[in-house]
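# Observations on the three-dimensional arrangement
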Amino acid sequence: MSAVEFIIIIVLFIGMMWLMTRGQRKQQAAANEFRSSLEAGQNVMTHSGFYGRIVDIDGDVITLESTPGVETMWKRSAIAMLADPPFAVVEDEDADVLADDDVLEDPATAAPASGSTVAAVGTATVGPVTPAGPTPVVPDDASSLLDPPADGRRDEDGPRTPAS
């Protein structure tokens, strides 16, 4: 191999490396430009899928508000894109909120209030729900999962081993 062929191979290798990294540098420059243009009030999504509205920007730290009053701090490089959340965001903090004792009821699907045992699928049961049969006894340990020992020992006599 002559020196000219060696130089041609080196030049081709350097040219190929430059072409391969050029696209990556363009993407990186675009991402840096995007992150430097972020402003308060924009809806964004982080790389981990967290949606929020930018509340404050302090250098490399961006404060996002996910729901009214809930703010989290994120590094600027964690912001992936401008994106509205895929769900409705309640903007008004004074929105009507149901009290704990309020019940929404559809007369067509409401179950009887007393003596109700089972409701149809997709409907809410109103009132006390009682089990359909005797109340099952649930042990506080896993001893009932093993077969009873053949020699008649009890739990108090020592540990059991699973039956083979």
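Quick notes on the rules
Residues numbered from 1 in each chain as written. Predicted model: local features only at pLDDT ≥ 70, side-chain atom pairs only at ≥ 80, totals over all residues. Heavy atoms only, no water. Helix = DSSP H or I, 4+ residues; strand = E, 2+ residues; numbered from the N terminus. Buried < 20%, exposed > 50% of the residue type's maximum accessible area, 1.4 Å probe, protein only. Contact = heavy atoms within 4.5 Å. Areas by Shrake-Rupley, 256 points an atom, 1.4 Å probe, with all protein chains shown as cover. Core = buried A, V, L, I, M, F, W, Y, C linked by side-chain atoms within 4.5 Å. pLDDT = per-residue confidence, 0-100. Pairing = 2+ DSSP bridges. Axes fitted to C-alpha atoms, helices over the stretch in contact; angles between N-to-C directions. Expected span 1.5 Å × (residues − 1). Bend = angle between axes of the 7 residues up to and from the residue. Lys, Arg positive; Asp, Glu negative; His and termini not counted. Salt bridge = Lys/Arg side-chain N within 4 Å of Asp/Glu carboxyl O. Polar contact = N/O pair within 3.5 Å; in protein donor to acceptor, adjacent residues only side chain to side chain.

### A closer look at the overall build of the protein chain
For the protein chain, the count of helices and strands is 1 helix and 5 strands. Going from N to C terminus, the protein chain has its helices and strands arranged as α-β-β-β-β-β. By the burial criterion, 10% of the 164 residues in the protein chain qualify as buried. Long-range contacts, defined here as pairs at least 24 residues apart, represent 31% of the contacts in the protein chain between residues at least 6 apart. Total accessible area computed for the protein chain in this model is approximately 13100 Å², and 59% of it derives from carbon and sulfur atoms.

### With respect to the nonpolar core
Grouped together as the largest cluster of nonpolar side chains are 6 residues: Leu 38, Val 44, Ile 54, Ile 62, Leu 64 and Ile 79. Not counting chain neighbours up to four residues away, the residues in contact with Leu 64 comprise Val 44, Thr 46, Phe 50, Gly 52, Arg 53, Ile 54, Val 55, Val 70, Glu 71, Thr 72, Trp 74 and Ile 79.

### What to know about the confidence of the model for the protein chain
Here the protein chain averages 75 in pLDDT, and 57% of its residues register 70 or above. Overall, residues 115-120 carries pLDDT values under 50, and its contacts beyond four positions in sequence, including any with other chains, amount to 8 contacts.

### So, the pairing of strand 4 (residues 70-75)
Pairing geometry for strand 3 (residues 61-67) and strand 4, over 6 bridges, is antiparallel. Looking at strand 4, one finds that Val 61 is bridged to Lys 75. In textbook terms, the turn of a hairpin is the stretch between consecutive antiparallel strands, and for strand 3 and strand 4 this stretch comprises 2 residues, one of which, Gly 69, has a positive phi near 95°.

### Notes on the sheet that holds strand 1 (residues 43-46)
Strand order in the open sheet formed by 5 strands is 4-3-2-1-5, and the pairing between neighbours is antiparallel. Of all strands in the sheet, those with a lone pairing partner are strand 4 and strand 5 (79-82), marking the two edges. Strand-to-strand, the axes of this sheet are offset by a mean angle of 45°, without reference to chain direction. Inspection of the sheet shows strand 1 paired to strand 5 by 3 bridges, in the antiparallel sense. The partner of Thr 46 across the bridge, within strand 5, is Ile 79.

### Concerning helix 1 (residues 3-36)
Over its 34 residues, helix 1 runs 48 Å from end to end, which matches the ideal 50 Å to within 8%, given 1.5 Å per residue. The sharpest bend along helix 1 measures roughly 25° and falls at Thr 21.

### Re the pairing of strand 1
Residues Asn 43 and Met 45 line one face of strand 1 and the alternating positions Val 44 and Thr 46 line the opposite face, and both faces are buried. Bridge count between strand 1 and strand 2 (residues 51-58): 3 bridges; the pairing is antiparallel. The residue of strand 2 that forms the bridge with Val 44 is Gly 52. Linking strand 1 to strand 2, which pair antiparallel, is a turn of 4 residues; within it Gly 49 sits at a positive phi near 95°.

### Side note on the side chain of Arg 76
Considering the arrangement of structural elements, one finds Arg 76 in the loop between strand 4 and strand 5. Setting aside its immediate chain neighbours within four residues, Arg 76 contacts Arg 35, Ser 36, Leu 38, Ile 57, Gly 59, Asp 60 and Ile 62.

### Digging into the side chain of Arg 35
Here Arg 35 lies in helix 1. In this structure, Arg 35 is buried with no salt-bridge partner, the nearest side chain bearing the opposite charge being Asp 60 at 8.1 Å. Looking at Arg 35, its side chain comes within polar contact range of the main-chain oxygen of Ile 79, at 3.1 Å. In this structure Arg 35 touches His 47, Arg 76, Ser 77 and Ile 79, once residues within four positions along its chain are discounted.

### Focus on the environment of Met 73
Of note, Met 73 is situated in strand 4. Here the alpha-carbon distance between Met 73 and Val 55, two residues 18 residues apart in the chain, equals 9.8 Å. Those residues in contact with Met 73 that sit more than four places away from it in its chain are Val 61, Ile 62 and Thr 63.

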